[in-house]
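Descriptive structure summary
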There are 2 protein chains.
Amino acid sequence: MKVYKAHIIYTKQRERFEVLENGYIAVDEGRVQGIAAQREDLGCPNAEVVDFGNKLLIPAMNDMHVHAPQFHNQGIAMDLELLPWLENYTFPEETKFSNIDYAERIYRRFVYQLWKMGTMRAVTFATIHTESTRRLMELFKQAGMGAYVGKVAMNRNCPEALQEPVEEAVSGMLSLIEAYNNPQDLVRPIITPRFIPSCTPELLRACADIAQRYNLPVQSHLSENLGEIELVRQLEPDSDGYGDAYMRYGLFGQTPTIMAHCVWSDEKERLLMKEQGVLVAHCPTSNLNVASGMAPIRTYLNDGINVGLGSDVSGGHDISIFRMMVYAIQISKMHYQRNHALPFLSLSEAFWMATKAGGTFFGKVGSFEKGYDFDALVIDDNTLHPDEYTTLQRLERFIYIGDDRQIAHRFCQGKEIVLDSKQWE
Amino acid sequence: MKVYKAHIIYTKQRERFEVLENGYIAVDEGRVQGIAAQREDLGCPNAEVVDFGNKLLIPAMNDMHVHAPQFHNQGIAMDLELLPWLENYTFPEETKFSNIDYAERIYRRFVYQLWKMGTMRAVTFATIHTESTRRLMELFKQAGMGAYVGKVAMNRNCPEALQEPVEEAVSGMLSLIEAYNNPQDLVRPIITPRFIPSCTPELLRACADIAQRYNLPVQSHLSENLGEIELVRQLEPDSDGYGDAYMRYGLFGQTPTIMAHCVWSDEKERLLMKEQGVLVAHCPTSNLNVASGMAPIRTYLNDGINVGLGSDVSGGHDISIFRMMVYAIQISKMHYQRNHALPFLSLSEAFWMATKAGGTFFGKVGSFEKGYDFDALVIDDNTLHPDEYTTLQRLERFIYIGDDRQIAHRFCQGKEIVLDSKQWE
């Protein structure tokens, strides 16, 4: 048992922050055992106290949608919208991951950058390449960070080098499932059909079969771009929309499901998402960069749909989930500007999406309530003049204008994670 | 005469970058004397060569709209739109600048942050307080950086403590003009009526008189928010719109004029801006944060209107003009998404706005063409794996994912500017 003392901030519910100035949190076996304003209320008088002084202690970030093999393209190739962007930049880069040495090099940097920015859990796409994907899973394990990693299923409308026959796709998935499908582990497989345009019906059905057989979660892309939606309509003429197409294949909430983007989901699709418990990975930066549009997140929340945040590197250029909070709020303000009946997101709502809402996908993650995994960041904002601001303003300033330089410690499931840039970058 | 060697990138025209890998630039008396791909083509064989090796050399940033006295609010108070935001956060903060010691403390930090982010020239609002404004001008001088600094004129629709009688406003302006109106200097006054809602007609006329008498530039706010526009319509019923109201007072291009925001300027207003040579300070981050809207910059460029970039701290939370380029491109993509006849901004266009387009306001600033002031940044992107990218991709990555840690040297008018954080922060 250890007790950490700091100015503790987290969100139990999205409407407001819980703030414990000079509060205490007891951690044992990776989990929060208690949290209290007074030391004596914790009920573990003999536990060692680690005092973080004037620093802030907050839950770590969860990135609900990110493409590890696009990491080398981070910050470049911003001159096309989604479909030509995939064809010209993304697919060519992903073909390189047939080479495990290349994968190792890029994936190492990728895991390091997640760590650096305070993201302790990520739901990532890899590529079709089974052994490179395994390497990524090993790197997450080595780092001690949490991840769902998806070997990508795709077999049409992409370069031949990225098309994998269904049987090979299935045997690759099964090989990773055999090695990693342990519910206790921090690093686990996720079934990952890229999106309907790049998967034949046979492949989509195979993905659904495996997900249901092994009770594994599913991730994919949904209603990101109007051209993409039209393409899906042509490919799936019998379906009642894009979400319904996934639904018919068994990939829409039959097991826990994340759908990235959902910029253009209509009322019918949103209703299906709500009924099926689909989690939206909102990727505001990416949606701007590849000119997709602005997802109406207030509408999703009003509908009772769960929403987390995703960096979507490299459609998104920024891997910091703190920056995603800022962008999510900004985009919600553009919806509000047009329609004042849609209040823009508050900081606590954005924070909740980045921590507790996304965290539900990993178990009890993203809060400091009793029983939650202790995934945490210690924020040292001494360069941001902390004494001149309230505790919540200090958090707001760190989110808006801070960066990795203020992240002093990072914990995942109770363990402090320290990565050496020389080995990882 | 000095010669600098590096990978040189700049924009002569907005459509494309000029790139000289291992190029040379000759600087004397603060100005570019020549630029060439080969050393011998410079024609100054005896000049000392400073070799920046594999680093990038680019023009420094120009911030065309920023509020120095709002710097303490940077990164907080993001929960209101423009008019209540002014009332609840901004005006109360600005009243503190009656205290010169407070002003000194905040202005010092402000100048330091501009420097840190590579902004060598800024067009700033101060407050109504003459002596605090003088202090800000002195700090810019002390730093060796370029600035237009505006003592703000306002006398209605704001707290009494921020209302200055017209005669006092005039005598304050004249006192600063007397001290600083030297066209050779880097730090100069600019006539700064806050915006029509906060100035009586008498005050607006007085501002125009002074601007024209001393041939001084003017800055103000224009068509930022729909509520504000409606308020101006009520206050100026005889005018044919917001821009026309400034025009009638003599504050719209009669001398060089910057108007910040211009989110909602209609065709008539844009035509007037074009005719009067008004420069738009586009502040994309601020426009999102205070829920104003998205300025249609492609339309302005198509109309032949000059556009620079502004951080607009603290409506904008980010003082980096590099980040403004990213936001400007992203917002233009949302216009493009709705109307493909409005191509989104390219990186060279955003860079041109941040350098040469804004720089026109300071003289020959923002390019490396012969005769331009040598305002420059040396970018050391060694942590961003430069060897794996083209020179232009390196610049793009620095803009999208870099920060002050990559800015190795900063020059303003030929002089390297080095500020010590201990003295300034």
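Since this is a predicted model, take the numbers as computed values, not measurements. (Residues numbered from 1 in each chain as written. Chains lettered and ligands numbered in written order. Predicted model: local features only at pLDDT ≥ 70, side-chain atom pairs only at ≥ 80, totals over all residues. Heavy atoms only, no water.)

With respect to the interface of chain A and chain B
In plain terms, the rule: Any two residues having at least one pair of non-hydrogen atoms within 4.5 Å are treated as being in contact. By definition, the buried area sums, over both parts, the 1.4 Å-probe accessible area that each loses when the two are put together. Basic side-chain nitrogens of Lys or Arg form a salt bridge, by our definition, when they fall within 4 Å of a carboxyl oxygen of Asp or Glu. Identification of polar contacts relies on pairs of N or O atoms within 3.5 Å, with a donor-acceptor requirement for protein atoms, meaning one able to donate a hydrogen and the other able to accept it, and with residues adjacent in sequence counted only if both atoms are side-chain atoms. Think of it this way: any DSSP run of H or I at least four residues long counts as a helix, any run of E at least two long counts as a strand, and we number them from the N terminus. Note on residue classes: Ala, Val, Leu, Ile, Met, Phe, Trp, Tyr, Cys and Pro are nonpolar, Asp, Glu, Lys and Arg are charged, and everything else, Gly too, is polar.
Tallying the contact residues gives 45 residues for chain A and 45 residues for chain B. Across the interface of chain A and chain B, roughly 3,900 Å² is buried in total on both sides, 50% from carbon and sulfur atoms. At the junction of chain A with chain B, the criterion picks out 8 salt bridges. The closest approach of N and O atoms between Arg-405 of chain B and Asp-404 of chain A, which form a salt bridge, is 2.8 Å. At the boundary of chain A with chain B, the tally comes to 28 residue pairs in polar contact (both at pLDDT 80 or more). Taken together, the elements giving at least two residues each to the side of chain A that touches chain B come down to α2 (100-116), α9 (284-289), α11 (321-338) and α13 (391-401) of chain A. The element contributing the most residues to the side of chain A that touches chain B is α11 of chain A, with 8 residues. Looking at side-chain class alone, the side of chain A that touches chain B contains 17 nonpolar, 15 polar and 13 charged residues.

A closer look at the pattern of salt bridges
Note the cut-off: The cut-offs for exposure are 20% and 50% of the maximum accessible area for each residue type, with area from a 1.4 Å probe on protein chains only; residues under the lower value are buried, those over the upper are exposed, and the others partly exposed.
Taken as a whole and assessed by the stated rule, the structure comprises 50 salt bridges over all chains. Residue Asp-240 of chain A is joined to Lys-268 of chain A by a salt bridge in which the shortest nitrogen-to-oxygen separation is 3.0 Å. Note that Asp-240 of chain A is positioned in the loop between α6 (226-235) and α7 (242-249) and Lys-268 of chain A in helix α8 (residues 267-276), a separation of 28 residues in sequence. Take Lys-268 of chain A: its relative accessible area is 46%, and that puts it in the partly exposed class. Residue Glu-93 of chain B pairs with Lys-96 of chain B through a salt bridge whose shortest N-O separation is 2.9 Å. For Lys-96 of chain B, a relative accessible area of 39% gives the class partly exposed. Salt bridges sharing common partners tie together Asp-403, Asp-404 and Arg-405 of chain A together with Asp-403, Asp-404 and Arg-405 of chain B.

Some words on the sheet that holds strand β16 (residues 407-412) of chain A
Residue and element names in this part refer to chain A. The cut-off we apply is this: Following DSSP output, two strands are said to pair if at least two bridges run between them. Working convention: axes come from line fits to C-alpha atoms, limited for helices to the stretch in contact. Angles between N-to-C directions cover 0 to 180 degrees.
Ordered in space as β3-β2-β1-β4-β15-β16-β17, the 7 strands form an open sheet in which the pairing is mixed. Among the strands making up the open sheet, the edge pair consists of β3 (31-36) and β17 (415-416). Pairing of strand β1 (residues 2-13) with strand β2 (residues 16-28) involves 9 bridges; the strand directions are antiparallel. When the bridges of β2 are listed, Lys-2 appears paired with Val-27. Strand contacts of α13: β1, β2, β4 (48-59), β15 (376-379) and β16, with the helix running at about 65° to β4, the strand carrying the most contacts.

Topic: α11 of chain A
Residue and element names in this part refer to chain A. Definition in use: A helix's residues, less one, multiplied by 1.5 Å, set its expected span.
With 18 residues, α11 should reach 26 Å at 1.5 Å per residue; the first-to-last C-alpha distance of 26 Å fits that figure. Counted residue by residue, α11 has 17 buried out of 18 residues, so it is predominantly covered. For α11, the N-terminal cap is Ser-320; the gap from its side-chain oxygen to the backbone nitrogen of Phe-322 is 3.2 Å.

Here we look at the packing of helix α7 (residues 242-249) of chain B against helix α8 (residues 267-276) of chain B
Residues and elements named next belong to chain B. Keep this limit in mind: By convention, the crossing between two helices is left-handed when the near helix turns anticlockwise from the far helix through less than a right angle, and right-handed when the turn is clockwise.
Between α7 and α8, the least distance of the axes is 8 Å, while the angle of their chain directions is 40°. The chirality of how α7 crosses α8 is left-handed. Touching Tyr-242, Gly-243, Asp-244 and Met-247 of α7 are Glu-269, Leu-272 and Gln-276, all from α8. Residues that form the contact of α7 with α8 fall into these classes: 3 nonpolar, 2 polar and 2 charged.

Points about the sheet that holds strand β13 (residues 279-282) of chain B
As a general point, the strands of a sheet are linked pairwise by backbone hydrogen bonds and lie either parallel or antiparallel. Residue and element names in this part refer to chain B. With respect to topology, 4 strands assemble into an open sheet ordered β11-β12-β13-β14, the strand pairing being parallel. Since the sheet does not close on itself, it has two edges, and those belong to β11 (218-222) and β14 (307-309), each with one partner. Ignoring strand direction, the axes of neighbouring strands in this sheet form an average angle of 30°. Relative to β14, β13 runs parallel, the two being bridged by 3 bridges. The partner of Val-280 across the bridge, within β14, is Val-307.

What about the state of the cysteines?
Residue and element names in this part refer to chain A. Spelled out, the test is: The definition used for a disulfide is geometric: two cysteine sulfur atoms within 2.5 Å.
Enumeration according to the criterion identifies 0 disulfides over all chains in this entry. No disulfide involves Cys-262; its nearest neighbouring cysteine sulfur is the one of Cys-283, lying 8.9 Å away. Look at Cys-262 and you get buried, because its relative accessible area is 0%.

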